[in-house]
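Structure assessment
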Amino acid sequence: MSFKKQRESTIEKTLLPEEQQAKIDEVRKMIGPIANKLPALCSEAEISRYLRARNWNTKKAGKMLKESIKWRLEYKPEKIRWENIAHEAETGKIYRANYCDKYGRTVLVMRPGFQNTNAINEQILYLVYCMENAILNLNPDQEQMVWLISFQRWNSSNISLKVTRETAKVLQNHYPERLGLGILYDPPKIFESFWTMVKPFLEPKTFKKVRFVYSDNPQSQKTMEDLFDIEKLESAFGGRNPSGFDYEAYAQRMKEDDKKMSDFIESGCSPSYQPSIMSESQQSDSLASEGSDEAGLSSGDEAASSNLEIIGDEIQDQSHHTNDVANGDKNETQMSKPAEL
């Protein structure tokens, strides 16, 4: 990508409500009859997410949405059930935390060092299951989630560019505007080299959505205090909750959520598409007033708190810490490729 294109891709368009609506209507016309197969994916809120992911370029957003519709019809992510992926979940390499951040966003914990399988297709299946489950549990006024990425037990053997590409492809192309903030917790020095290799897979806008946080850096740790209830946050991330991943308890939670998912499908609804999503401008105003996060799986949510901004800038200046991330873990934390998360 040329410097000019990179610069253009980081410049966010600001559109008036009527201009946004016109773009949404244009994309809806572009989609055509295929929209009838997955009408929930073609709601105004959903089309808006795809437009933001492509910086309000209707042609690109329309193409991206069509591809997502085809992918969903073939892959059927909403029909993946616990029994299909239980073996992938045994070590807790990815799991939904039983708490949200202070802004009500679902939290996905990713621990690439706990990788326990080798089949890429099975790993991606589990990642998709976790994404669908996280979306299912979003609060009605939220469309984004937080990723807490732990590097406990992580080493160079967990590196897989192939898995990274596949993960990036799924996340960026089919889950745009779903990432609100990604936190890399205590990444080792060796991760910097991997980051250099992964960087070409990522859009410049994605960089703004990730923060490096280090347990030995008090100012960095304040990020966690600002974002989470420390009493609920696991001790592995600097919180006071000593409990760790419990496979049996988690399995029960997921089975209950599977029933909830089935109920949604039977009712003709889809939990993957929240009906009451705020507009881009509303999100920016809301997040700015809350003084927090920096991101959304794409282009339009950069209203991070000044504290996070400062921490991010300082981390970029530290010689032993790299910049924003992409989950370079073997299979579950990796971000996406040519769209924006």
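Notes on the structure follow. Note that the structure is a prediction, hence the values are computed from the model and not measured. (Residues numbered from 1 in each chain as written. Predicted model: local features only at pLDDT ≥ 70, side-chain atom pairs only at ≥ 80, totals over all residues. Heavy atoms only, no water.)

**Focus: the overall build of the protein**
Helices and strands together make up the secondary structure of the protein, namely 13 helices and five strands. Across the protein, contacts joining residues at least 24 apart in sequence account for 80% of those joining residues at least 6 apart. A total of about 14,500 Å² of accessible surface is found on the protein, and carbon and sulfur atoms cover 50% of it. (Helix = DSSP H or I, 4+ residues; strand = E, 2+ residues; numbered from the N terminus. Contact = heavy atoms within 4.5 Å. Areas by Shrake-Rupley, 256 points an atom, 1.4 Å probe, with all protein chains shown as cover.)

**Quick notes on helix α10 (residues 218-227)**
Residue pairs spaced three or four apart in an α-helix point in one direction, given the helix's 3.6 residues per turn. Every buried residue belonging to α10 is among S220, Q221, T223, M224 and L227, and all of these are buried. Buried positions in α10, seen along its axis, are confined to an arc of 130° and lie on one side of it. Residue N217 occupies the N-cap position of α10, its side-chain oxygen lying 3.0 Å from the main-chain nitrogen of Q219. (Buried < 20%, exposed > 50% of the residue type's maximum accessible area, 1.4 Å probe, protein only. Arc of directions from axis to C-beta. Polar contact = N/O pair within 3.5 Å; in protein donor to acceptor, adjacent residues only side chain to side chain.)

**Comments concerning the packing of helix α2 (residues 17-31) against helix α3 (residues 44-53)**
Where α2 contacts α3, the two axes come as close as 10 Å, and the packing angle between them is 95°. One way to sum up the angle between α2 and α3 is to call them roughly perpendicular. Only E44, I47, S48 and L51 of α3 make contact with α2, whose side of the interface consists of Q21, K23, I24, V27 and R28. Its residues assigned to classes, the contact of α2 with α3 shows four nonpolar, two polar and three charged. (Axes fitted to C-alpha atoms, helices over the stretch in contact; angles between N-to-C directions. Parallel < 35°, antiparallel > 145°, perpendicular 65-115°, else oblique. Nonpolar A, V, L, I, M, F, W, Y, C, P; charged D, E, K, R; others polar.)

**Remarks on the environment of W71**
Within the secondary structure, W71 is located in helix α4 (residues 58-75). A relative accessible area of 13% means that W71 is categorised as buried. The sequence separation of W71 and N173 amounts to 102 residues, and the corresponding C-alpha distance is 9.8 Å. Not counting residues up to four positions away in its chain, the partners in contact with W71 are K76, P77, V128, V170, H174 and Y175.

**Thoughts on empty space enclosed by the protein**
Scanning the entire structure with this criterion turns up three cavities of 30 Å³ or more. By volume, the second largest cavity amounts to about 60 Å³. As for the second largest cavity, its lining consists of P77, E78, I80, R81, Y129, E132, N133, L136, D257, D258 and M261. Among the elements of the structure, α6 (120-136) and α11 (247-266) are those that each provide at least two residues to the lining of the second largest cavity. The greatest single-element share of the lining of the second largest cavity, amounting to four residues, is contributed by α6. (1 Å grid on protein atoms, 1.4 Å probe; cavity = no way out; pocket = protein on both sides within 12 Å on 5 of 7 lines; lining within 4 Å. Points joined across faces, edges and corners; volume = space filled by probe spheres on them.)

**A word on α2**
Taking 1.5 Å of rise per residue, the 15 residues of α2 would be expected to cover 21 Å, and the 21 Å separating its terminal C-alpha atoms lies within 8% of that figure. Where α2 is concerned, the buried positions are Q20, I24, V27 and I31. The arc enclosing the buried residues of α2, seen along the axis, measures out at 65°, which places them on a common side. Residues of α2 that are exposed and angled more than 90 degrees away from the buried face: E18 and K29. After α2 finishes, the residue G32 shows a positive phi value of roughly 75°. (Expected span 1.5 Å × (residues − 1).)

**A word on the pattern of salt bridges**
Under the defined criterion, the tally for this structure stands at 14 salt bridges. The salt bridge partner of E177 is R52, with a shortest N-O separation of 3.3 Å. Of this pair, E177 sits in the loop between α7 (161-174) and β4 (179-185) while R52 sits in helix α3, placing them 125 residues apart in sequence. Just as E177 is buried, R52 falls in that class too. The partner of R72 in a salt bridge is E78, and the shortest N-O contact between them spans 3.9 Å. For R72, a relative accessible area of 6% puts it in the buried group. (Salt bridge = Lys/Arg side-chain N within 4 Å of Asp/Glu carboxyl O.)

**Here's the deal with the packing of aromatic side chains**
Taken as a whole and judged by the stated rule, the model has 15 aromatic pairs. With a centroid separation of 6.4 Å and an interplanar angle of 90°, the aromatic rings of Y99 and F228 are classed as edge-to-face. With Y99 in strand β1 (residues 94-100) and F228 in the loop between α10 and α11, the pair connects residues that are 129 residues apart, well separated along the chain. Exposure remark for F228: the relative accessible area of 1% places this residue in the buried category. Taken together through their ring pairs, the aromatic side chains of W82, Y95, Y129, F245, Y247 and Y250 make up a single cluster. For the cation-ring pair, R111 lies above F114, with the distance from its terminal atom to the ring centre recorded as 3.8 Å. (Phe/Tyr/Trp six-rings, centres within 6.5 Å; stacked < 30°, edge-to-face > 60°. Lys NZ or Arg CZ within 6 Å of the ring centre and 35° of its normal.)

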